[in-house]
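# Survey of secondary and tertiary structure
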Amino acid sequence: NSQTSRFKAKKTMSSSSFRSTIIDLTSRYVSVRLGGHFSRSLGSDAEVMSTVLIALLGSVCLLKVSPPRSVVVRKFRAMAMPMSVCIMLYRFITVLFPSIAPFQVHHDLFDYVVTFLKYVYSVLDHFSSLHLPSNLSVALTTVFRDLVGLAIIRMVVEYCQSFRRTSFAEVKTSAIDSVFQFGKNNIPYVANELQKEEDKMEVDLETSLKDGSRKRTLALPPKGRTSRSLLLDLKKRSSAENKKWEEGLVSGAVYCGEKDHTELLNAAYAAFSLANPLHPDIWPSVNQFEAEICSMTASLMNGTLHNMEDIVSTVVGCISSGGTESIILAAKAHKELYCKRKGIRHPEIISCVTAHAAIDKACEMLGCRNVKVGYDPETYKIDVDAVAAAINSDTILLYSSAPSFPQGVVDNISRLSSLALAHDVGLHVDCCLGGFVLPFAKKLGYDVPAFDFTVPGVTSMSCDTHKYGYASKGTSVILYRNKALRRAQYFCYPEWTGGLYVTPTIAGSRPGALSAACWASMMAMGEDGYTDRVDTIMEATAEIAKAVQAIDGLYLLGEPKSMIVCFDSKEFNIYRVGDKMTKLGWSLNSLQRPACIHLCVTLRTVEHRSKFVADLEGCVAEVREEGNDAALTGNAAVYGMSGSMPPGPINELLKCYTDVILKA
């Protein structure tokens, strides 16, 4: 099961104290062996010494409690396994052939194992006249007890390590959720009351989210409609629904919207509307499009080497359906590669509480533990010191953002890179928002910190082409530093009766039309097109941020480095401002922990930045005039309620909301 915990370095047991715990456990195991709790006699000093060595070496090579920071310690760990195996093999041989050993070992532990072995050999002896060597049982017993002892130590340490990493808040949340689920599923009265509330909530949500006069089609029409009538119906719906984003009142969502560019995307989609990348023999052009999209994106992320004669790509990638799938694929690739290479059974990914929820979804799907760390209260960047304290031998990946979705800040990826390299773990950069903004902003002279493959520890990046790459919705690029990581994301199944099966991403069949439209978008834009549009967006973002900072009662969260302007208030509930902006036609993003609102600046927003500032000033003035005693409605009421409720009921609310959205 996926578990999420908040990790704070200040409240964590120090490495030295935890290491002393391991030494204590090892010494207890050795003392049990030496004290004769399970054995009658251990024999000579040579066996005692070998027992101690096996326990110590085994605890080092098998338990892997904390990642060693010293090169000497890392080399010792690498030698620990073969050394312990050699010692155990030596004990096995010397017990089996005492004539070559300098000591004699007596019968001691697990007599029932010996009895069982004798029984097995007696059965074999009945058929083949085999005889059990007198010392073989002792040798096998000696090896067996060593393995059992080490297994016990490992099990105890794993429980201690898990307990050490679990915060009180996590235990509390889990306990409350368990009580909620028990009441919902096992107590009829509670279940009935919850169902009544859910039914009422569903009706309220449907009233607010759905048009009651909408025409619904719940079954196939008896007779098919004509193309002309269908197109008229579709155009009527789209013209009504496109007005909001065409007027520039939406945060994010539609990032370009230029008429000529949209017509190009539609034409490219139509040309390959039946294409499927799963069949490269039928549509080889689609595979070529995808390879070139990945190569162009990799070049933006400095993943290529420019030689005299050619451009050699050192970074590889794949096309996915969006940023969420790209992040899931990155987590899968690192899990497959690092778990096999390092023998990790319970992988952990470290991310900030501001990281996109896609990494939480990935951990839930892949059975990884998502260790959450905090952020710097001034900059809202990930707390690198907390990350350093959270790394252990089960860590496979550090997760960073460039920029983060809530506050739009770029994490300190250079420092995270140093940690990743020191501990031999992966480093993913979520560049879904900034992939087609930050590289051009840097060329334009804006202060953009290092975020791409020029940072040596970065092993993967996700870049959304359907955002500021201005492609149609449904495409993203996941990049890896090498082929080994990309291969780890593939799914291969050679035993299927339908033939040899392999897919590079989660989906099997995919729309080749989207890849064609994405390729057309990037080719049409070119470096000059992206540079001009990024310059416009960066100027507008700086202008809006400056205006928001000047409004009495508001302050900015973080320092805008790209396209996000995030703000809050210390005087009043910021959600009330958001609700008033919604009534004026704006669609902004309401965020939580801390409560704030942000605007994601797009090419459509740029044209209406003055209107945004004017409307925001008016809404803030109204809220300040009303005072803090005004009734909470809309998002202010919803987020206020969710802040006082445990996750269980909130999850039910979110599921109810999703049910309504999916309802015809």
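Rules and cut-offs
Residues numbered from 1 in each chain as written. Predicted model: local features only at pLDDT ≥ 70, side-chain atom pairs only at ≥ 80, totals over all residues. Heavy atoms only, no water. Axes fitted to C-alpha atoms, helices over the stretch in contact; angles between N-to-C directions. Helix = DSSP H or I, 4+ residues; strand = E, 2+ residues; numbered from the N terminus. Parallel < 35°, antiparallel > 145°, perpendicular 65-115°, else oblique. Left-handed = near helix turned anticlockwise from the far one by under 90°. Contact = heavy atoms within 4.5 Å. Nonpolar A, V, L, I, M, F, W, Y, C, P; charged D, E, K, R; others polar. Phe/Tyr/Trp six-rings, centres within 6.5 Å; stacked < 30°, edge-to-face > 60°. Lys NZ or Arg CZ within 6 Å of the ring centre and 35° of its normal. pLDDT = per-residue confidence, 0-100.

### Looking at the packing of helix α12 (residues 323-342) against helix α13 (residues 358-366)
Following both chains from N to C, one finds α12 and α13 inclined at 45 degrees, their axes separated by 9 Å at the closest point. Judged by the angle between their axes, α12 and α13 are oblique. Note on packing geometry: the crossing formed by α12 with α13 is right-handed. Packed against α12, whose contacting residues are Thr 324, Ile 327, Ile 328, Ala 331, Lys 332 and Lys 335, the element α13 presents Ala 358, Ile 359, Lys 361, Ala 362, Met 365 and Leu 366 at the interface. Tallied by class, the residues present in the contact of α12 with α13 amount to eight nonpolar, one polar and three charged.

### A word on the environment of Ala 420
By the element assignment, Ala 420 lies in helix α15 (residues 413-423). In this structure, the C-alpha to C-alpha distance between Ala 420 and Thr 459, residues 39 residues apart in sequence, is 9.4 Å. With sequence-adjacent residues up to four places away left out, Ala 420 is seen in contact with Leu 398, Val 425, Gly 426, Leu 427 and Gly 457.

### A word on the packing of aromatic side chains
The full count for this structure, using the stated rule, is eleven aromatic pairs. Put simply, the rings of Tyr 255, Phe 436, Phe 440, Tyr 468, Tyr 470 and Tyr 530 touch in pairs and so form one group of aromatic residues. In this arrangement the basic side chain of Arg 341 is found over the ring face of Tyr 338, its NZ or CZ atom lying 4.7 Å from the centre. Across the ring face of Tyr 555, the terminal group of Lys 570 is positioned such that the distance to the ring centre comes to 5.2 Å.

### A word on the confidence of the model for the protein chain
For the protein chain, the mean per-residue pLDDT works out to 81, and 73% of the residues sit at or above 70. Confidence drops under pLDDT 50 across residues 1-49; counting only partners more than four residues distant or on other chains, this segment forms 91 contacts. This model gives residues 99-113 a pLDDT under 50, and the stretch forms 38 contacts once residues within four places in sequence are excluded.

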